[in-house]
Amino acid sequence: MAESNFVDYVKIVCRSGKGGKGSMHLRHVKYNPNAGPDGGDGGRGGNIYLRGNHNYWTLLHLRYQRHIFAEHGGNGGKDKCHGTDGKDIYIDVPCGTVVYNAETGKYVCDVSYDGQVVMLLKGGRGGLGNFQFRTATNQAPRYAQPGEPMQEMTVIMELKLLADVGLVGFPNAGKSTLVSSLSNARPKIANYPFTTMEPSLGIVGYRDNKSFVMADIPGIIEGASEGRGLGLRFLRHIERNSLLLFMVPGDTDDICKEYAILLNELRNFNPELLDKQRVLAITKCDMLDDELITMLREQLHQDMIAAGMDDIPIVFISAVTGKGLDTLKDILWEELNSESNKLQTITSEDTLVHRDKDMSRFAEEMAEEGEDDEIEYVDIEDVEDDDDWDEDDDVV
């Protein structure tokens, strides 16, 4: 069986470079035998950065790159020569990548837009040479500083698709057919459950050359939030969708009940998902006439009120015949641009609020990778600023 080209989860060991040693050297030349100290400073170790790149849409390029190490700083030399700085490493990731510490499950950083650069690990500072320690009373210091150690951390990179509309429904609800009808995306379509094995994005054209992005994820079954089916692995992709389009087939025995089950699975996975705008689409309505659709709409409206659920827009569609698709696009566009659904601008200073991750969700992926060995790391926040490094510290 061919391996999927869609990779939304990788686990990588990252390590920054250590700082170079400062030089302890006393200058001796023919015409100036007591020239004094001239040991140069060591170079800093290389940093590791994450960089958003819209040309990537999966983490496939990092699938087999399990270790990323930055270059160490060079040692200082005589004649006050400064050691070379370690080369920085930039890891290009698709927009929507979230990084967690694999040891603790804590949120580390988030790459949300193209060109965004986030420092993941800071390289160690280079040690000062003995030239920096010369004084009037100590004109020939015979010591220098070592470089700062490197930082090491095992990280989990998790991709969450950035889309305007996310499709939510049971298997064979017509999600892939809808995406293929509204956009140029060509997901796999067949008459059996879990045809969609990986998420796909489609750009839906609208009036006046406007468009929005629609995300299709594998079908959700009851108990998906507990790990059943494929829903648990892909539910995270709808966390960043601006609007959720629930899809229920028109031939379902109890549409209201099926919609309630989908809502409950989202609530169990992340209660914040219920704060998003929602639209309910009744699919496969090509065999229903207008009179039957009107009766079904009224009955559904009454059932939802009786069940205490929010009254949301309902549209009857058929992706095969195109019935109701223009109405659906009008409703989606109106909801996306409503005042209650304005997206907050994401910048490096104003990031999304993240929940602490339950690392049991990654147990299966970790087991498959066979990387359970513990690796010591240095936290980024534990490294002091350059101004706080006293010249007398770490003197050897």
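Only a predicted model underlies this, so the values are computations on that prediction, with no experimental measurement involved.

A closer look at the overall build of the protein
Okay, so step 1: Within the protein, the secondary structure is distributed over 6 helices and 16 strands.
Okay, so step 2: Taken across its 396 residues, the protein has 49% of its residues classed as buried.
Okay, so step 3: If you take every contact in the protein between residues at least 6 apart in sequence, the share linking residues at least 24 apart comes to 76%.
Okay, so step 4: Split by element, the accessible area of the protein, about 20,300 Å² in all, is 47% carbon and sulfur.

Re the environment of Ser-16
Okay, so step 1: Tracing the sequence through the fold places Ser-16 in the loop between β1 (9-15) and β2 (26-29).
Okay, so step 2: In this structure, the C-alpha to C-alpha distance between Ser-16 and Gly-123, residues 107 residues apart in sequence, is 5.0 Å.
Okay, so step 3: Residues in contact with Ser-16, not counting those within four places in the same chain, are Gly-46, Ile-48, Ala-70, Leu-121, Lys-122, Gly-123, Met-150 and Gln-151.
Okay, so step 4: Within the structure, the side chain of Ser-16 is placed 3.0 Å from the backbone oxygen of Lys-122, a separation counted as a polar contact.

Quick notes on the pairing of strand β10 (residues 152-159)
Okay, so step 1: Of all the 8 residues making up β10, 8 are buried; the element is thus mostly covered by neighbouring parts of the structure.
Okay, so step 2: Of the two faces of β10, the one lined by Glu-152, Thr-154, Ile-156 and Glu-158 and the one lined by Met-153, Val-155, Met-157 and Leu-159 are each fully buried.
Okay, so step 3: Alignment of β1 against β10, held across 7 bridges, turns out to be antiparallel. Bridge pairing in β10 links Cys-14 to Met-153.
Okay, so step 4: Taken together, the 5 bridges between strand β7 (residues 97-101) and β10 define a ladder with antiparallel strand orientation. Across the sheet, Tyr-100 pairs through a bridge with Ile-156, a residue of β10.

Details of the packing of aromatic side chains
Okay, so step 1: Per the counting criterion, the structure on display carries 6 aromatic pairs.
Okay, so step 2: Consider the rings of Tyr-100 and Tyr-107, whose centres lie 6.4 Å apart with planes at 70°: the pair is edge-to-face.
Okay, so step 3: The exposure class assigned to Tyr-107 is partly exposed, which follows from its relative accessible area of 27%.
Okay, so step 4: Directly above the ring of Phe-69 sits Arg-15, whose terminal nitrogen or CZ lies 3.8 Å from the centroid.
Okay, so step 5: Taking the ring centre of Phe-131 as reference, the NZ or CZ of Arg-134 above it sits at 3.7 Å.

Describing the packing of helix α1 (residues 175-182) against helix α5 (residues 325-336)
Okay, so step 1: It is at 12 Å that the axes of α1 and α5 come closest, and there the two elements cross at 90°. Classified by the angle their axes make, α1 and α5 are roughly perpendicular. Contacts between α1 and α5 involve Leu-178, Ser-181 and Leu-182 on the former and, on the latter, Leu-325, Leu-328 and Lys-329.
Okay, so step 2: When grouped by side-chain class, the residues that make up the contact of α1 with α5 number 4 nonpolar, 1 polar and 1 charged.

Brief notes about the sheet that holds strand β16 (residues 314-316)
Okay, so step 1: One open sheet accounts for 6 strands, arranged β12-β13-β11-β14-β15-β16; its pairing is mixed. Strands at the two margins of the open sheet, each flanked by one partner only, are β12 (200-205) and β16. Across the sheet, the mean angle from the axis of one strand to that of its neighbour is 30°, orientation sign disregarded.
Okay, so step 2: Note: strand β11 (residues 165-169) against strand β13 (residues 211-216), 3 bridges, orientation parallel. Across the sheet, the residue bridging to Val-165 is Met-214, located in β13.
Okay, so step 3: On top of the sheet, α1 reaches β11, β12, β13 and β14 (243-249); it is set at about 155° to β13, its chief contact.

The rules behind each value
- Residues numbered from 1 in each chain as written.
- Predicted model: local features only at pLDDT ≥ 70, side-chain atom pairs only at ≥ 80, totals over all residues.
- Heavy atoms only, no water.
- Helix = DSSP H or I, 4+ residues; strand = E, 2+ residues; numbered from the N terminus.
- Buried < 20%, exposed > 50% of the residue type's maximum accessible area, 1.4 Å probe, protein only.
- Contact = heavy atoms within 4.5 Å.
- Areas by Shrake-Rupley, 256 points an atom, 1.4 Å probe, with all protein chains shown as cover.
- Polar contact = N/O pair within 3.5 Å; in protein donor to acceptor, adjacent residues only side chain to side chain.
- Pairing = 2+ DSSP bridges.
- Phe/Tyr/Trp six-rings, centres within 6.5 Å; stacked < 30°, edge-to-face > 60°.
- Lys NZ or Arg CZ within 6 Å of the ring centre and 35° of its normal.
- Axes fitted to C-alpha atoms, helices over the stretch in contact; angles between N-to-C directions.
- Parallel < 35°, antiparallel > 145°, perpendicular 65-115°, else oblique.
- Nonpolar A, V, L, I, M, F, W, Y, C, P; charged D, E, K, R; others polar.

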